[in-house]
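One-letter residues, chain by chain:
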Amino acid sequence: QPRHRVARSPQPVDADSMCLSEETKNAAEPPAKGRYSAKPRPDDLPSAAELRKAIPKHCFNKSLLYSGLYLLRDMGTAAALMYAFAQLIQSQTWQDASLVAKIATTTVYWLVEGFIMWCIFVVGHDCGHGSFSNYTWVNDLCGHITHASILVPYWPWARSHHMHHSYHNNGGNPGPVKDMSHAWYHPDYRERETDFYARMFEPVRDLLPFIGWFFYVLFAEGGHFTPFSGPLWEGASLVVRAKALVSTASCTAMAYGVVRAFEYDAGRIGLVYLGPWVIFSWWLFTVTYLQHHHPESVVYDDGAWSFVKGAFETVDRKYGMGIDNLHHNITDGHVAHHLFFTRIPHYHLLEATEAIKGELKRRGCEEWYLYRDNSLFGGNWYVTEVWRQIHNHYFLANTWVKADGKIE
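Residues numbered from 1 in each chain as written. Predicted model: local features only at pLDDT ≥ 70, side-chain atom pairs only at ≥ 80, totals over all residues. Heavy atoms only, no water.

> Help me understand the overall build of the chain, please; the structure alone is not making it clear to me.
Helix and strand counts for the chain stand at 15 helices and six strands. Once local pairs closer than 6 in sequence are excluded, the contacts in the chain between residues at least 24 apart make up 72%. (Helix = DSSP H or I, 4+ residues; strand = E, 2+ residues; numbered from the N terminus. Contact = heavy atoms within 4.5 Å.)

Below, the structure is given as structure tokens:
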């Protein structure tokens, strides 16, 4: 059943603590739309500082040992699988195998290796946030190792992703610093310059789980490999641009290493590396899209937006069958991650999530926490859910709160 939210008046974000001010005003209550009620009355949605107090202190402790072991687990598994498959396709056993056996073996390898690549990405993602360890140089080194191995430019992606976290579901921020990676547009306002890519890909939206990441990292917001122009690089210093080129060089070196390792054999490169990379791209798009998009999502103009409001528009989703644990609880602990993305490492996200849910329940506003069971037997399996939502809803925001509190 649709759930109703209570809107608050525009509240500024404290840059240090991300606390919400408690400004309120009286107005008549218009008809509710979706989960959102526009009556601007006081409520008990806690500030980020209040939520932080509700979370056990040890959840904010970053362990280089734990983080490093997860990195070694994922990269070691990926390397071992890649080496084993590369040896297999060169063997006499492979030459003697039937076509059906070859297709079945390759498919299993692609699915498993691609998923492990995605797990590696999540570790690098923590490095970019600074939640991998307390040492910036360690985070950046490990971030480049993990992300270069899957052709992700570490520093540029960390830059755009930080903007995304800082301005999630802020649909009206006029400045260059905004939510770069998860655009929305209103059904009645589809001609904005910033909606160009959304309009361009709408006719082929069902293909986005496979092609979305490729086009996003190459071209969106000016491109992540080329720090020369575009919204992502507005106001960027020469140091920031130079760092971006270092990340681009690391990916280029990795690509060259793969090509050399397989002796310029396009068939082997495709079978061993590019096939799993496409599966990794599918995981990245699927998880990211479902984390941040829901048919009842609320988007705010800048004057009505706040950091905490935006964070609670993300969705925790259960994938089941051990997947949530294997990819570091990025799915079922995402709300907590969005609230404290530089502070809580992935191995404390579930405990922090329970504390957040408890605080919301104590205040009588647990409806602000969004959770969906997308496991195989949960009714909306994530494999089909991503295509169902992107086909039916795409990036349309049917509930858009204007700066004056009105809903469009």
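Okay, back to it.
> What's the story with the pattern of salt bridges in this structure? I'm lost.
Opposite charge on two side chains permits pairing when their charged atoms draw close. Applying the stated criterion to the full structure yields seven salt bridges. Where Asp74 meets Arg73, a salt bridge forms, and the shortest distance between an N and an O atom there is 3.0 Å. For Arg73, a relative accessible area of 30% translates into the label partly exposed. Two residues, Glu354 and Lys357, come together in a salt bridge whose shortest N-O distance is 3.2 Å. With Glu354 and Lys357 both in helix H14 (residues 349–362) and three residues apart, the pair spans about one turn of that helix. (Salt bridge = Lys/Arg side-chain N within 4 Å of Asp/Glu carboxyl O. Buried < 20%, exposed > 50% of the residue type's maximum accessible area, 1.4 Å probe, protein only.)

> Please explain the environment of Phe377 as it appears in this structure.
Tracing the backbone shows Phe377 in the loop between strand S5 (371–373) and helix H15 (382–392). Taking the C-alpha atoms as reference, Phe377 lies 9.7 Å from Tyr319; in sequence the two are 58 residues apart.

> Looking at this model, I keep getting lost on helix H9 (residues 238–261). Mind explaining?
Given 3.6 residues per helical turn, the α-helix brings residues three or four places apart onto the same face. Taking 1.5 Å per residue as the helical rise, H9 with its 24 residues ought to reach 34 Å, and the 34 Å between its terminal C-alpha atoms agrees with that figure. Where H9 is concerned, the buried positions are Ala244, Ser247, Thr248, Ser250, Cys251 and Val258. Looking at the buried residues of H9, the elements they touch are helix H5 (136–149), helix H6 (154–166) and helix H10 (266–292). Glu263 sits one or two residues past H9 and shows a positive phi near 55°. (Expected span 1.5 Å × (residues − 1).)

> Which parts of the structure should I look at to understand the packing of aromatic side chains?
Aromatic ring pairs are reported here in terms of the distance separating the ring centres and the angle at which the planes meet. As enumerated under the stated definition, the model contains 28 aromatic pairs in all. Among the aromatic residues, those joined into a cluster by ring pairs are Phe115, Phe210, Trp282, Trp283, Tyr319, Trp381, Tyr382 and Trp387. (Phe/Tyr/Trp six-rings, centres within 6.5 Å; stacked < 30°, edge-to-face > 60°.)

> Whenever I open this one, the side chain of His129 confuses me. Can you help?
Inspection of the secondary structure assignment puts His129 in helix H4 (residues 99–129). His129 has contacts with His161, His165, His337, Phe341 and Thr342, leaving out every residue within four places of it along the chain.

> How should I be thinking about the environment of Ala78 in this particular structure?
Its place among the elements puts Ala78 in helix H2 (residues 64–88). With residues up to four places along the chain from it excluded, the contact list for Ala78 reads Glu113, Ile116 and Ile120.

> It is not clear to me how the confidence of the model for the chain should be interpreted in this structure. Could you clarify?
Detailed reading of predicted coordinates is not advised where the pLDDT is low. Averaged over every residue, the pLDDT of the chain is 85; residues scoring 70 or more account for 82%. Within the model, pLDDT remains below 50 along residues 1–35, and this stretch shows 95 contacts once partners closer than five positions in the same chain are excluded. (pLDDT = per-residue confidence, 0-100.)

> Mind showing me how you'd approach H10 here?
Given a rise of 1.5 Å per residue, 27 residues ought to cover 39 Å, and the 36 Å separating the end C-alpha atoms of H10 matches this to within 8%. Of all bends in H10, the biggest is about 35°, found at Leu274, and the proline Pro276 comes one to four residues later. Among the residues of H10, the N-terminal cap falls to Asp265, whose side-chain oxygen and the backbone nitrogen of Gly267 are separated by 3.0 Å. (Bend = angle between axes of the 7 residues up to and from the residue. Polar contact = N/O pair within 3.5 Å; in protein donor to acceptor, adjacent residues only side chain to side chain.)

> Where do I start with the nonpolar core in this structure?
Side chains of nonpolar character tend, in soluble globular proteins, to be buried together. Trp118, Phe121, Trp213, Val272, Phe280 and Trp283 are the most contacted members of the largest nonpolar core, which totals 51 residues. Top element by residues in this core is H10. It accounts for 13 residues. If we skip the residues at most four places from it in the chain, Trp118 touches Phe280, Trp283, Leu284, Val287, His327 and Ile330. Counting residues in hydrophobic clusters, the runner-up holds 29 residues, among them Val308, Leu349, Ala352 and Leu360. (Core = buried A, V, L, I, M, F, W, Y, C linked by side-chain atoms within 4.5 Å.)

> Is there a simple way to explain the environment of Val401 in this structure?
Here Val401 is to be found in strand S6 (residues 399–401). Separated by 98 residues in the primary sequence, Val401 and Gly303 have C-alpha atoms spaced 9.3 Å apart.

> Looking at this structure, I do not really get the packing of H5 against H9. What am I missing?
Contact geometry for H5 and H9: axes closest at 9 Å, N-to-C directions at 45°. Between H5 and H9, the angle falls in the class oblique. In the packing of H5 onto H9, the handedness of the crossing is right-handed. Along the contact surface, H5 presents His144, Ala148 and Ser149, while H9 presents Val246, Ser247, Ser250, Cys251 and Met254. Of the residues contributing to the contact of H5 with H9, the split by class is four nonpolar, four polar and no charged. (Axes fitted to C-alpha atoms, helices over the stretch in contact; angles between N-to-C directions. Parallel < 35°, antiparallel > 145°, perpendicular 65-115°, else oblique. Left-handed = near helix turned anticlockwise from the far one by under 90°. Nonpolar A, V, L, I, M, F, W, Y, C, P; charged D, E, K, R; others polar.)

> Which parts of the structure should I look at to understand the packing of H4 against H5?
Two packed helices can be described by the angle between their axes and the distance between those axes. Relative to each other, H4 and H5 sit at 150°, their axes nearing to 8 Å. Between H4 and H5, the interaxial angle falls into the category roughly antiparallel. H5 is crossed by H4, and the crossing has left-handed handedness. Packed against H4, whose contacting residues are Ile120, Phe121, Val123, Gly124, His125 and Cys127, the element H5 presents Asn139, Cys142, Gly143, Thr146, His147 and Ser149 at the interface. When grouped by side-chain class, the residues that make up the contact of H4 with H5 number five nonpolar, seven polar and no charged.

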